[in-house]
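What follows is each chain in one-letter form.
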Amino acid sequence: MTQDSIGVFGSAFNPPTCGHLDAIRQAAPHFTMILLLPAAAHAFNKQMLDFQTRLELLQCFISDLPKLSCKVEVCAIEQGILNKQPQQPVYTYDVLKLLSEQYSPATKIRFILGPDNAKPEVWKKFYKADEIKQQWGTFVVKEQEAVRSTLVREQLQNFYKSEGEVRANLHQQLSKMLTPSVLMYIQQHQLYRS
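**Student:** What is the right way to look at helix α8 (residues 149-161) in this model?
**Tutor:** Spanning 13 residues, α8 covers 19 Å between terminal C-alpha atoms, matching the ideal 18 Å at 1.5 Å per step. Where the residues of α8 are buried, they touch α1 (18-27), α9 (164-177) and α10 (180-188).

Next comes the structure, spelled out in structure tokens:
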């Protein structure tokens, strides 16, 4: 039996997109499990939908995943950390430390980095970035599908404001950026209207 290895993929997931799906596809062959960690409080102060809604979006996202060579699970660990220290940001270092305590010492844990966060000027802003690399290591994914959550949110706002053919075209664009269950959930709950 090969050693268990866990890829920790943290993101705002606001919302989860086909860009996230592409990252998971790239990482899957290298891990026995990938944990999707929605940010409870963003260290760089990004505004996000509430945590519970993003957890539900991630469950929709997971239900749409193709068959992969590893398990993929949602992990709400950041919410627990935030509840204990509500006035402080939740740092990747602290998350990885806590996960290491929860799994067997034989389990190899690595932090999955998207191309944006892997840029040296962004990575150095991470709290204890060097220690993260030394203690756990990183797995950097390439950008093959340039789908940004920011763009998705903008398109959704346009979608809600539009009608007829324009709306149909925007729906078609959105269906290339989001998995079917995520898009359906967003539209049913009218998320990202403003």
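Picking up where we left off.
**Student:** Quick question: what am I supposed to make of the sheet that holds strand β3 (residues 71-74) here?
**Tutor:** In sheet architecture, strand pairing relies on hydrogen bonds along the backbone and comes in two forms, parallel and antiparallel. Pairing is parallel across the open sheet formed by five strands, whose spatial order is β3-β2-β1-β4-β5. Every interior strand has two partners, whereas the edge strands, β3 and β5 (138-140), have only one. Ignoring strand direction, the axes of neighbouring strands in this sheet form an average angle of 30 degrees. Lying over the sheet, α1 contacts β1 (5-11), β2 (33-38), β3, β4 (108-113) and β5, oriented at roughly 165 degrees with respect to β1. Of the strands in this sheet, β2 and β3 touch helix α2 (residues 51-64), which is tilted by about 150 degrees from β2.

**Student:** Just checking my understanding: could you explain the nonpolar core for this structure?
**Tutor:** Side chains of nonpolar character tend, in soluble globular proteins, to be buried together. Counting 37 residues, the largest nonpolar core has I34, L36 and I186 as the members making the most contacts within it. For this core, the secondary structure elements donating two or more residues are α1, β2, α2, α8, α9 and α10. Broken down by element, the residue count for this core peaks at five residues, all from α1. Counting 26 residues, the second largest nonpolar core, distinct from the first, contains F111, F126, I132 and W136.

**Student:** Is there a simple way to think about the pairing of β4 in this case?
**Tutor:** Remark: a regular strand shows side chains that alternate across the two faces of the sheet. Note: β1 against β4, four bridges, orientation parallel. Within β4, the residue paired with G7 across the bridge is R110. Sheet topology places β4 next to β5; three bridges connect them, and they run parallel. Along β5, the bridge assignment pairs F111 with T138.

What counts and how
- Residues numbered from 1 in each chain as written.
- Predicted model: local features only at pLDDT ≥ 70, side-chain atom pairs only at ≥ 80, totals over all residues.
- Heavy atoms only, no water.
- Helix = DSSP H or I, 4+ residues; strand = E, 2+ residues; numbered from the N terminus.
- Expected span 1.5 Å × (residues − 1).
- Contact = heavy atoms within 4.5 Å.
- Pairing = 2+ DSSP bridges.
- Axes fitted to C-alpha atoms, helices over the stretch in contact; angles between N-to-C directions.
- Core = buried A, V, L, I, M, F, W, Y, C linked by side-chain atoms within 4.5 Å.
- Buried < 20%, exposed > 50% of the residue type's maximum accessible area, 1.4 Å probe, protein only.

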